[in-house]
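Fold and geometry: a report
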Amino acid sequence: MKHFNVTGLCMPGQDYMADISAKIAKIRAMVDAGAYFTICRARQYGKTTILQALKSSLQEDYIVSKVSFEGAGGMLFSSETEFCLGFDALFAKSLRYSAAGREDICQWNEYGKKPDNFRILSEKITDFCMERRTVLLVDEADQASDNQVFVHFLGMLREKYQARKAGEDSTFYSVILAGVYDVKNVKLRMMEKGYALASQGEARYNSPWNIAADFDVDLSLSVHEISTMLAEYEAEHHTGMQVQETASIIWEYTRGYPYLASRICQELDQKQLGWDSCAIRMAVKTILMEKNPLFDDIVHHLENKRELCRFMYELLILGQEKPYERGNAQTDLAATFGFIRNQDGYAVIDNRMFEIKIANYFISKNMQDTKQQNMTGVLAEDVLKDGQFQMEYALRKFAQHYEGLYENIKNRRFLEEHGRILFLTYLKPLINGRGFYHIESRTNTQRRMDVVVDYGDRQYIVELKLWHGAKKQEDAYEQLYGYLESMHAKEGYLLTFDFRRQKKMRMQWAAYKGKRIFDVSI
């Protein structure tokens with residue numbers, strides 16, 4: 001019986017899978033062109049599944065060796081001899097599980113003596129590939145990218161690739177390295193592992209993989225690809241779900257991050273929650289509270305990389321615009337870990353679930369650092385009336401408390417920078433356990449953040465904005481109106497942080513193009 005798999009390799013016939021044939025066809029075209037390239041994506045992005053599907057696609061036309069460095073142990077990379085002998089064994093084993101014939105396997109095993117150095121290994125590869133179109137797939141390649149012996153191996157492959165182009169050698173027809181880190185940027189991996197690269201030694205870490213073609217195949221799942229997985233499930237279970245609509249909602253939360261999309265489906269299936277928007281929100285809420293390797297990885301990086309943590313805080317909480325500049329250390333790290341993506345030249349948080357998870361991390365840190373779990377004295381019961389959340393009351397209480405803090409001149413600089421995290425810290429315990437919220441940051445020139453709270457059968461949309469002049473404030477109404485329209489909501493809330501010294505707190509309802517907006521300026 002099939003199931004939604006979120007641990008390890010997904011296989012057709014055993015797991016519900018999105019149809020990724022279009023992606024495989026694009027990657028296959030690169031292999032057919034004889035390209036060497038890397039597939040670098042964040043953890044749990046389906047790289048191993050992609051490699052397996054690619055191997056199946058290639059086996060009729062190529063001898064395909066798929067090896068993995070995961071769990072290989074430090075001994076493999078301890079010396080040139082250990083690596084060459086270890087790779088020899090891994091390659092021989094992979095041939096037994098490929099479409100290689102008995103002659104091919106014997107040829108590899110019987111050629112010459114055991115390769116205990118790169119010269120002999122190179123000769124063995126030359127002999128084997130002379131009459132065979134062989135493709136080498138290396139999974140978890142970045143497990144070894146901070147080892148100098150692996151860098152030498154890549155250098156050997158590069159030299160053979162260039163010699164083949166000149167008609168002076170035979171080697172693998174195509175080589176694909178898969179991992180989180182791009183081995184073209186060995187320095188980034190070395191820095192992330194905590195190695196100090198002295199100027200005199202940096203030349204050692206120049207890219208050994210500058211022959212690699214650019215890999216620009218989008219591995220995130222589209223709405224259509226998610227719907228193919230759901231359609232297969234629906235054909236067997238007959239739940240009555242609206243497949244396309246359900247796929248669209250799942251995509252809105254995940255932007256097609258393979259693990260997250262599959263995990264939502266798994267939660268809906270196992271808990272029998274249904275397949276509508278309400279059930280998906282419940283599943284997302286449960287997943288965000290659980291402990292899993294992906295979220296543990298996010299917290300680990302934020303906890304242990306101070307500059308990256310600050311970068312994410314400025315982007316998500318402070319709303320600062322961050323150009324998407326490859327080559328910038330923090331941009332590269334955030335992109336490598338899947339935290340951000342490129343949107344019109346600016347860095348934005350990759351998906352809604354990451355926005356919530358990372359924001360919750362900063363909120364929890366703020367609660368620990370400032371002891372403000374009940375900073376206004378307002379309790380969850382205070383904001384309820386007939387089971388409905390009273391957002392107007394919650395905003396009034398926050399505004400009053402904030403104004404009191406701002407009167408203390410010592411707090412002004414902190415409040416100007418961190419006012420929004422104070423509001424999120426205030427809001428979270430009022431809805432926690434009963435309601436659900438998510439953040440949609442608007443970076444670049446808009447400098448705003450939308451907080452959407454789902455409580456019971458109602459939805460509350462709060463736009464947080466920094467004061468940047470009267471014209472920008474007028475624009476805020478139009479921006480909020482547009483968002484309310486897209487969400488089919490009749491009313492919304494605008495919270496503006498105004499740091500001018502001569503200003504007055506404002507709290508009032510206003511009508512705008514048929515919408516009601518509670519306008520709070522503090």
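The text that follows walks through the structure, step by step, so that each part is easy to find. (Residues numbered from 1 in each chain as written. Predicted model: local features only at pLDDT ≥ 70, side-chain atom pairs only at ≥ 80, totals over all residues. Heavy atoms only, no water.)

What follows concerns the pattern of salt bridges. Taken as a whole and judged by the stated rule, the model has 23 salt bridges. With its nearest N and O atoms 3.4 Å apart, the salt bridge here joins Lys 114 to Asp 88. Taken together, the residues Lys 114 in the loop between helix 4 (102-110) and helix 5 (118-129) and Asp 88 in helix 3 (residues 80-96) connect sequence positions 26 residues apart. (Salt bridge = Lys/Arg side-chain N within 4 Å of Asp/Glu carboxyl O. Helix = DSSP H or I, 4+ residues; strand = E, 2+ residues; numbered from the N terminus.)

Each aromatic ring pair is specified by the distance between its two centres and by the angle formed by the two planes. As enumerated under the stated definition, the model contains 41 aromatic pairs in all. Each ring, one from Phe 337 and one from Phe 339, has its centre 5.9 Å from the other, and the planes form 55 degrees; the classification is tilted. The residues Phe 337 and Phe 339 share a single accessibility class, namely buried. Linked through ring pairs, Phe 69, Phe 77, Phe 83, Phe 87, Phe 91, Trp 108, Phe 118, Phe 128, Phe 150, Phe 153 and Phe 172 together constitute an aromatic cluster. In this structure, Lys 124 is placed above the aromatic ring of Trp 108, and the distance from its NZ or CZ to the ring centre is 4.6 Å. (Phe/Tyr/Trp six-rings, centres within 6.5 Å; stacked < 30°, edge-to-face > 60°. Buried < 20%, exposed > 50% of the residue type's maximum accessible area, 1.4 Å probe, protein only. Lys NZ or Arg CZ within 6 Å of the ring centre and 35° of its normal.)

So, on to the environment of Met 75. One can find Met 75 in the loop between strand 2 (63-68) and helix 3. According to the relative accessible area criterion, Met 75 is exposed, its value standing at 55%. With 11 residues separating them along the chain, Met 75 and Gly 86 place their C-alpha atoms 9.1 Å apart.

On to the pairing of strand 13 (residues 506-512). By the bridge criterion, seven bridges tie strand 13 to strand 14 (residues 515-521) in an arrangement that is antiparallel. If you follow Tyr 512 over to strand 14, its bridge partner there is Lys 515. Between strand 13 and strand 14, which pair antiparallel one after the other, the connecting turn spans two residues, and Lys 513 there sits at a positive phi close to 50 degrees. (Pairing = 2+ DSSP bridges.)

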